[in-house]
Each structure stands twice: as structure tokens, then as C-alpha cells.
Amino acid sequence: MLRNEKRKYLILLLPFALLILLFELMPLANIFINSFRNPATGSVTFANFTTLFTSEYYLMSIKNSLFVSLLSAFIGIALALLGAYAIHTAGDRMKKFYITTLNMTSNFQGIVLAFAFILLLGNSGILTTLGEKWNLAVLNNYDLYTTSGILITFIYFQIPLATLLLYPSFDGIKTEYKEAASLMNATAWQFWTKIGLPLVLPSIFGTFSVLFSNALAAYATPYALLGNNYALLPIRISSMFTGDVVQQVELGSALSIVMLVLMSTMTVLSNSLLKKFRKGV
């Protein structure tokens, strides 16, 4: 009976395993092989990675992606913590309203999000026009098509995603903990640093890693906003694989490996920091 059940489970898992093999493992293996291939001779070489790290053109895309991803993740986490705590303290009706709204806004990204920001803050956007009419320099002189524009759009879709990931962790902070801390004359600062933060911190580390990867791999929003005029890893990689004149598959594969290493490093780093914190506690 047990063997028959295991066979049934294995059969049911076959379509899923096939999808992973065809759309994840095989493309990843192909990218890895191409990243070490000489485009002229087909031999194994490290020249592709040497080119990436010695050319300012490619280094700029790595620097910009890291800057935007880290900053948007930090700001997204900070604002999401406030939102998650608000959901935790809200009543059932308001909690449902918040979560429904967050589910809607977390899916509002890509080309649609870029178009919405162009309508609001573009050269002829609604807020830009109002800033010019009311002589508001902050709006009138704002340039959406720069790093700050990319950053604002990234923060916008980071906040609802981070809030959805963080708010369940606040449910672990039970009322009894707060009452016990109050009976022991603990201040709010002492409660959050000794009890609240250790309970929420695992979710913070995990969410930060997700937000970083989410921003690092984002393609549709920055491309719709700035096209190929801004150096980001996904945009550079896409241009190398889909170039109208010249395709640089080997160089694009090497840049894809760099992006994958950055994501993996952030995941490993967040997990190691969490382990050290738990040992310290």
C-alpha cells in the first residue's frame, strides 16, 4: 500500500518536475555553459567575466541595480513595518479591507505601473502640470526619467508585497506578552527590543531578501519608463539576447550569472545574519 501511494505521488509530481527541468534547470545550465564560452572559437574562457568587471559600461548596470535594489528594499521594509503593525492592531473589518487593498496594489506593477507614474509625474503629467500652475518647484522640476524615478516606482511595488509578508509575523506578538512586560514595568522600548523585535526579525530578514531579489530582477517597469537609456542588469541582459543588430549571448549569460550570484549572496547573507542573531539571543 505504501509503495502504491508513493508511486501515485511520484506520478502526480512528474508534470511539475518536467516544468522545472524544461524551464528552469535546462535554461540555467545553458546560461552557465554559454557564460564560459568564447563567442569566436567556442572554447572555454573567463574572458566574458573579465570584460564585465573591467568595462565601466557593464559595471554601471551592476552598481545601479545594487543601489536601487538595496535602497528600495530598505525603504519598503521600513514603511511596510508600520503598515503591518497597523493591520495587526486593526479590527477584523479593517484588516480585511487592508489585505484586499494590498493584494490589489501588489499586483499593480510592470508596464501598467510605469504608465501610471508617467501620467502622474511625467513631463506632462497631472502632478507636474499642477506644480507648474501653482509654482511648486518640487513637482515642477521633478524628473521622473532618472534614478529617483526608478526608485519611486520600485518602492511603490515593494511596500504592499513587504506588508503582506510581514503582517502575519506580528500575530506572534500576543497580548499576554505585552501584559506580562507591563506588569514587570518594562518600557515600550524594552518590550520591542527584547520581545517584539526577536519575534518579527526572522520575517524581516526573509522579506528583505525577497524584496532585494524582486527589485534586482525587475524588468518591465524600468524598461517601460526609460527603455535602454538607463543601466540596469535586466535591461542590459535583455539587450544582449534580443539585440536587433548584434546579439551577445555569451556576455549576456555571464551577466545573468552575476545577477544570480548577487541574489544568492543576499539570501545566504540574510540567513547567516539571522542565525547569528538567534545565537546571540
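To be clear, the structure that these remarks concern was listed above.
Presented here is a report on the structure given in the accompanying data block. Everything numeric here is computed off the predicted structure, so don't read it as measured data.

1. Details of the packing of helix α3 (residues 56-89) against helix α8 (residues 147-170)
Here comes step 1: Following both chains from N to C, one finds α3 and α8 inclined at 40°, their axes separated by 6 Å at the closest point. Classified by the angle between their axes, α3 and α8 sit oblique to one another. Seen along the crossing, α3 lies across α8 with a hand that is right-handed.
Here comes step 2: Here the residues of the contact of α3 with α8 are counted per class, giving 21 nonpolar, seven polar and no charged.

2. Some thoughts on the pattern of salt bridges
Here comes step 1: Applying the stated criterion across every chain, the model contains one salt bridge.
Here comes step 2: For E56, the salt bridge identified is with K63, shortest N-O distance 3.8 Å.
Here comes step 3: Judged by relative accessible area, E56 falls into the partly exposed class, the value being 44%.

3. A look at the packing of aromatic side chains
Here comes step 1: A full pass over the atoms with the stated rule returns 14 aromatic pairs.
Here comes step 2: Geometrically, the ring pair formed by Y85 and W192 is edge-to-face, given 5.7 Å between the ring centres and 75° between the ring planes. Here the residue Y85 occupies a position in helix α3, and W192 occupies one in helix α10 (residues 188-216), the gap between them amounting to 107 residues.
Here comes step 3: The exposure class assigned to W192 is partly exposed, which follows from its relative accessible area of 28%.
Here comes step 4: For the ring pair F117 and Y156, a centre distance of 5.8 Å and an interplane angle of 85° mean the geometry is edge-to-face. With F117 in helix α5 (residues 111-121) and Y156 in helix α8, the pair connects residues that are 39 residues apart, well separated along the chain.

The rules we used
- Residues numbered from 1 in each chain as written.
- Predicted model: local features only at pLDDT ≥ 70, side-chain atom pairs only at ≥ 80, totals over all residues.
- Heavy atoms only, no water.
- Axes fitted to C-alpha atoms, helices over the stretch in contact; angles between N-to-C directions.
- Helix = DSSP H or I, 4+ residues; strand = E, 2+ residues; numbered from the N terminus.
- Parallel < 35°, antiparallel > 145°, perpendicular 65-115°, else oblique.
- Left-handed = near helix turned anticlockwise from the far one by under 90°.
- Nonpolar A, V, L, I, M, F, W, Y, C, P; charged D, E, K, R; others polar.
- Salt bridge = Lys/Arg side-chain N within 4 Å of Asp/Glu carboxyl O.
- Buried < 20%, exposed > 50% of the residue type's maximum accessible area, 1.4 Å probe, protein only.
- Phe/Tyr/Trp six-rings, centres within 6.5 Å; stacked < 30°, edge-to-face > 60°.

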